[in-house]
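Listed here are the chains, written in short residue letters.
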Amino acid sequence: MAVAPFALLPLLGGSLRRHRLRLAFTIASILIAFLLFGLLAAVRNALTAGVEVAGQDRLITTNKVSIIQGMPRAYFTRIGSLAAVRRSASLNWFGGIYQDPHVQLVVFAVSDAYFDIYRDLQLGPAGLATWRADRTGAIVGDGIAKRYGWKVGDTVPMKSNIYRRKDGAGAWPVKITAIYHSENQDPNTVFLHYAYYNETVTFGVDSVGWVISQLKDPTTVETTSRAVDAMFANSRTETKTSTEKAVAQSFANQIGNIGAILTFVVSAVFFAMLLVTANTMAQSVRERTPELAVLKTLGFTDNAVLTLVLAESLLVTLVGGVLGLGTATLATAALGASLKSFLPFFQIPPLAYLQAALYVLALGVAAGVVPAVAAMRLQIVTALRTS
Amino acid sequence: MDGPLVEVRGLTKEYRRGDEVVPVLAGLDLSIARGDYVALMGPSGSGKSTLLNLLGGLDQPTAGEIRIDGVSIGELGSNELAAWRARSVGFIFQMYNLLPVLTAEQNVELPLLLTSLSKPERLARARAALALVGLSDRARHRPRELSGGQEQRVGIARAIVTDPLLLLCDEPTGDLDRKAGDAVLDLFDALNREAGKTIVMVTHDPRAAARARRILHLEKGVLAREEG
């Protein structure tokens, strides 16, 4: 006679209420495991978001020695003249500071074509035209604009923690000419005119940090990147050209193999949780041996008893998992606001929720399977004798 | 169905302790009519509880056959045996064996979870069984909030709620004082006389045994004598 699973609910609830303190500690341990999982998933998402959105048809050329070493500006022109390149743009790290010297802003000096390459930065044709027409113009993300209350038309003093002005002035007055919005790019970046930057800095004049090339045909990335590097081989400044995705991945890897770290930490925590939960379940089943024998006496089948114990284990991990991931979601939302300038994509990705659901299932089954099988195999007469 | 409810032929049960074989029942034959009330007596180790467990399908005999209401229970598989137990047998234990986390009503409802009855139907039956044992006012109490006698009456309600053919009672008054024990025995009398339930009761207590229609004395795994 099969038992409807919901019919086991009163038994399940009763079993779980038996040792409330022990149950609370077990759930708290699982909660912490899933909280950690959620936070690490958010960190990984933040650090690798650039990799995910990187274009397949874009190449980035940097100095072969280091990305902080510049390249002659002429490289930008020569790369742009290659037949396979549709358009190219240059990018220089400015090291921006606004008001608080301890808060580093993401500020780049870019050439005009930059916004033709990154069309997902939505700022409208009027905004782009205004920026192009004004040498001191700046295009800012809606995130940073909101944070500092900037509006189009405002002029703000931008300092740099790298460069000084030739004229000795402390800051670059920049006029907000457009505010961009993007679904997948950092909303906290400030873009200045390369020309404005280049004519005012005391060093690094006529050099560029990165050259971004958009190709006519994405299938030519391999040959074009080799052609670019070959063009500057054996010169004073050799180059390294990679796809945007590879560069973004390389940035992420500088912090470490985030995926491996995450896997290691999460595995260790989950293994510990497995032991804790399995121990709780084993203890719970041991204490209830006579009761399980009574259930079998009353006609509950071996499979029903197995289901009961497994369901109990799954319910404990489910509650812990939901609470843990829920806490992680709230924590990332709360922390995300303050980390926005450094980690704009500090949020738990949808895939991590799916992974967590699978972990809940795996942890529940793994922790419950041994005691459940023991309960299933229980000999009624022997077990009743222990009551 | 005509004929005896319980037929036992050549029932043998041996336990193994390492290389040693310990005989408990040695080729026992027994017949119990429908509506009978049988007390099993005998010294410790005589095989009374083992016989009760075998009659309830809780244990497997080494040899022999048990037929209950025409069903040879030794031929049933594990799941079939569980279903048969749920349908045909009510168990009453010395230590009551109620689930401490459930209320009296939920304990009584427990065997009905294995039926196709709806929740309201299950509750109605559980309440009727509790009313029959005089514990309607204790339905929401948990076992620790009940006296021993009340716990045993809840145990009886749980045993009869599915209206089984056979009630198997293992020392049902063994842990009760005289008054509570008498109340339980009165219930058995009523169940046997008024509801026609067939009862097999293991007991050491001659007063309890005296309530039965037949008293069977077991010694060293065989029926030594019969009274009644």
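In case you missed it, the structure is sitting above this.
Keep in mind the model is a prediction, meaning the values are calculated, not measured. (Residues numbered from 1 in each chain as written. Chains lettered and ligands numbered in written order. Predicted model: local features only at pLDDT ≥ 70, side-chain atom pairs only at ≥ 80, totals over all residues. Heavy atoms only, no water.)

**Student:** Which residues make up the overall build of chain B, and what are the values?
**Tutor:** For chain B, the helix and strand inventory stands at seven helices and 10 strands. In terms of overall size, chain B behaves like a compact globule, its C-alpha atoms giving a radius of gyration of 17 Å where 228 residues would be expected to give roughly 17 Å. Expressed as lengths along the three principal axes of its C-alpha atoms, the size of chain B is roughly 50 × 40 × 40 Å. Expressed as a percentage of the 228 residues in chain B, the buried residues total 54%. Counted over contacts in chain B with a minimum sequence separation of 6, partners at least 24 positions apart contribute 69%. Here chain B has roughly 9800 Å² of accessible surface; of this, 48% comes from carbon and sulfur atoms. Across chain B, the mean location of the 29 positive side-chain charges is 4 Å away from that of the 31 negative side-chain charges. (Helix = DSSP H or I, 4+ residues; strand = E, 2+ residues; numbered from the N terminus. Rg over C-alpha atoms; globule rule 2.2 N^0.38 Å. Buried < 20%, exposed > 50% of the residue type's maximum accessible area, 1.4 Å probe, protein only. Contact = heavy atoms within 4.5 Å. Areas by Shrake-Rupley, 256 points an atom, 1.4 Å probe, with all protein chains shown as cover. Lys, Arg positive; Asp, Glu negative; His and termini not counted. Charge placed at Lys NZ, Arg CZ, Asp CG, Glu CD.)

**Student:** Which residues make up the interface of chain B and chain A, and what values do they have?
**Tutor:** Interfaces are often sized by the amount of accessible area the parts lose when they come together. Contact with chain B, which involves 24 residues of that partner, is made by 24 residues of chain A. Between chain B and chain A, roughly 2300 Å² of surface is buried when both sides are summed, and carbon and sulfur atoms account for 68% of that area. Put simply, chain B and chain A have zero salt bridges between them. At the junction of chain B with chain A, the criterion picks out three residue pairs in polar contact (both at pLDDT 80 or more). Taken together, the residues that form the side of chain B that touches chain A break down as 15 nonpolar, five polar and four charged. (Buried area = accessible area lost by both parts, 1.4 Å probe. Salt bridge = Lys/Arg side-chain N within 4 Å of Asp/Glu carboxyl O. Polar contact = N/O pair within 3.5 Å; in protein donor to acceptor, adjacent residues only side chain to side chain. Nonpolar A, V, L, I, M, F, W, Y, C, P; charged D, E, K, R; others polar.)

**Student:** How would you explain the pattern of salt bridges if you had to name every residue and give the values?
**Tutor:** Residue and element names in this part refer to chain B. Taken as a whole and assessed by the stated rule, the structure comprises 26 salt bridges over all chains. Measuring nitrogen to oxygen at the nearest pair gives 2.8 Å for the salt bridge that ties Arg-127 to Glu-105. Linking Arg-127 in helix α4 (residues 119-132) with Glu-105 in helix α3 (residues 104-109), this pair joins segments that are 22 residues apart in sequence. When its relative accessible area of 39% is taken as the criterion, Arg-127 is described as partly exposed. Within the structure, one salt-bridge network assembled from shared partners comprises Asp-36, Arg-214 and Glu-226.

**Student:** Summarise the sheet that holds strand β4 (residues 63-68) of chain B; cite the residues concerned and give the values.
**Tutor:** Hydrogen bonds along the backbone pair up the strands of a sheet, which may run parallel or antiparallel. Residues and elements named next belong to chain B. Spatially, β2-β1-β4-β5 is the arrangement adopted by the four strands of the open sheet, whose pairing is antiparallel. Each having just a single partner strand, β2 (20-32) and β5 (71-72) make up the two edges of the open sheet. In this sheet, β2 lies alongside strand β1 (residues 6-17) in antiparallel orientation, the contact comprising nine bridges. The partner of Arg-17 across the bridge, within β2, is Glu-20. Along the sheet, helix α1 (residues 48-55) makes contact with β1, β2 and β4, crossing β1 at roughly 120 degrees. (Pairing = 2+ DSSP bridges. Axes fitted to C-alpha atoms, helices over the stretch in contact; angles between N-to-C directions.)

**Student:** Before we move on, could you go through the packing of aromatic side chains and cite the residues and values that matter?
**Tutor:** One pair of aromatic rings is described through two measures. These are the centre distance and the angle between the planes. Residue and element names in this part refer to chain A. Under the criterion given, the structure shown has 24 aromatic pairs over all chains. Here the aromatic rings of Tyr-75 and Phe-232 are separated by 3.7 Å at their centres, their planes lie at 15 degrees, and the arrangement is stacked. Of this pair, Tyr-75 sits in helix α3 (residues 73-80) while Phe-232 sits in the loop between α8 (221-231) and β12 (239-243), and the two are 157 residues apart along the sequence. The buried category is assigned to Tyr-75, whose relative accessible area is 7%. Taking 5.2 Å as the distance between ring centres and 85 degrees as the angle between the ring planes, the aromatic pair formed by Tyr-163 and Tyr-197 counts as edge-to-face. Of the two residues, Tyr-163 is situated in the loop between β7 (155-160) and β8 (172-180) and Tyr-197 in helix α7 (residues 194-200); the sequence distance between them amounts to 34 residues. The class of Tyr-163 is buried, set by a relative accessible area of 10%. (Phe/Tyr/Trp six-rings, centres within 6.5 Å; stacked < 30°, edge-to-face > 60°.)

**Student:** So what's going on with empty space enclosed by the protein? Residues and values would help.
**Tutor:** Residue and element names in this part refer to chain A. Here the structure, examined in full by the defined rule, presents four cavities of 30 Å³ or more. The calculated volume of the largest cavity comes to roughly 110 Å³. Every residue along the wall of the largest cavity is listed here: Ser-15, Leu-16, Arg-18, His-19, Arg-22, Leu-23, Thr-280, Met-281, Ser-284, Glu-312 and Val-316. Sorting the residues of the lining of the largest cavity by element identifies α1 (9-17), α2 (20-53), α10 (258-287) and α12 (302-339) as the ones contributing at least two each. No other element matches α10, which puts three residues into the lining of the largest cavity. Class assignment of the residues belonging to the lining of the largest cavity gives a composition of four nonpolar, four polar and three charged. Counted as a void, the second largest cavity has a volume near 70 Å³. Contributions of two or more residues to the lining of the second largest cavity are made by α1 and α11 (289-298). In terms of residues, the lining of the second largest cavity owes the most to one element, α11, which gives three residues. Each residue belonging to the lining of the second largest cavity can be placed in one class, and the counts come to seven nonpolar, one polar and three charged. (1 Å grid on protein atoms, 1.4 Å probe; cavity = no way out; pocket = protein on both sides within 12 Å on 5 of 7 lines; lining within 4 Å. Points joined across faces, edges and corners; volume = space filled by probe spheres on them.)

**Student:** Report on the nonpolar core, specifying residues and quantitative values.
**Tutor:** The nonpolar side chains of a soluble globular protein tend to be buried with one another. Ranked by size, the top nonpolar core spans 59 residues in total, and within it Phe-300 of chain A together with Leu-51 and Leu-110 of chain B carry the most contacts. Here this core takes six residues from α12 of chain A, the largest share from any one element. Residues contacting Leu-110 of chain B, with those up to four places away along its chain left out, are Leu-11, Leu-295, Leu-298 and Phe-300 of chain A together with Leu-99 and Leu-102 of chain B. Ranked by size, the runner-up nonpolar core spans 38 residues in total, among them Tyr-37, Leu-98, Ile-156 and Val-161 of chain B. (Core = buried A, V, L, I, M, F, W, Y, C linked by side-chain atoms within 4.5 Å.)

**Student:** Lay out the side chain of Glu-151 of chain B in plain terms, naming residues and giving numbers.
**Tutor:** Residue and element names in this part refer to chain B. Position of Glu-151 relative to the elements: it lies in helix α5 (residues 148-160). Although Glu-151 is buried, it makes no salt bridge; Arg-158 carries the closest opposite charge, 9.0 Å away. Contacts of Glu-151, omitting those with residues within four sequence positions, involve Tyr-96, Leu-98, Pro-143 and Leu-146.

**Student:** Break down unusual backbone geometry for me, with residues and values.
**Tutor:** Residues and elements named next belong to chain B. If you check the backbone angles, Asp-163 has positive phi at about 55 degrees while not being a glycine. Following the sequence through the fold, Asp-163 ends up in the loop between α5 and β7 (166-170). Within the chain, Lys-220 stands out as a residue other than glycine whose phi angle is a positive 50 degrees. Structurally, Lys-220 can be placed in the loop between β9 (214-219) and β10 (222-227).

**Student:** Tell me about a nonpolar patch on the surface, residues and numbers included.
**Tutor:** A surface patch of nonpolar side chains, amounting to about 330 Å² of accessible area, comprises Leu-361, Val-365, Val-369 and Val-370 of chain A. With respect to the helices and strands, Leu-361 of chain A occurs in helix α13 (residues 350-376). (Patch = residues over 30% accessible without salt bridge, like charges linked within 9 Å, V, L, I, M, F, W, Y side chains within 5 Å.)

**Student:** Hey, could you go over the environment of Arg-147 of chain A for me, with residue numbers and the actual values?
**Tutor:** All names here are of chain A. Note on placement: Arg-147 falls in helix α6 (residues 142-148). We classify Arg-147 as partly exposed; its relative accessible area is 36%. Distance from Arg-147 to Asn-188, taken between C-alpha atoms, is 9.0 Å for residues 41 residues apart in sequence.

**Student:** Quick rundown of the sheet that holds strand β8 (residues 198-202) of chain B? Include the residues and the values.
**Tutor:** Residues and elements named next belong to chain B. Taken together, six strands build an open sheet; the order of strands is β6-β7-β8-β3-β9-β10 and the sheet is mixed. Edge positions in the sheet fall to β6 (89-92) and β10, since each has one partner strand and no second. With strand direction ignored, the average angle separating the axes of adjacent strands in the sheet is 20 degrees. By the bridge criterion, four bridges tie β6 to β7 in an arrangement that is parallel. Counterpart to Ile-92 in the pairing with β7 is Cys-169.

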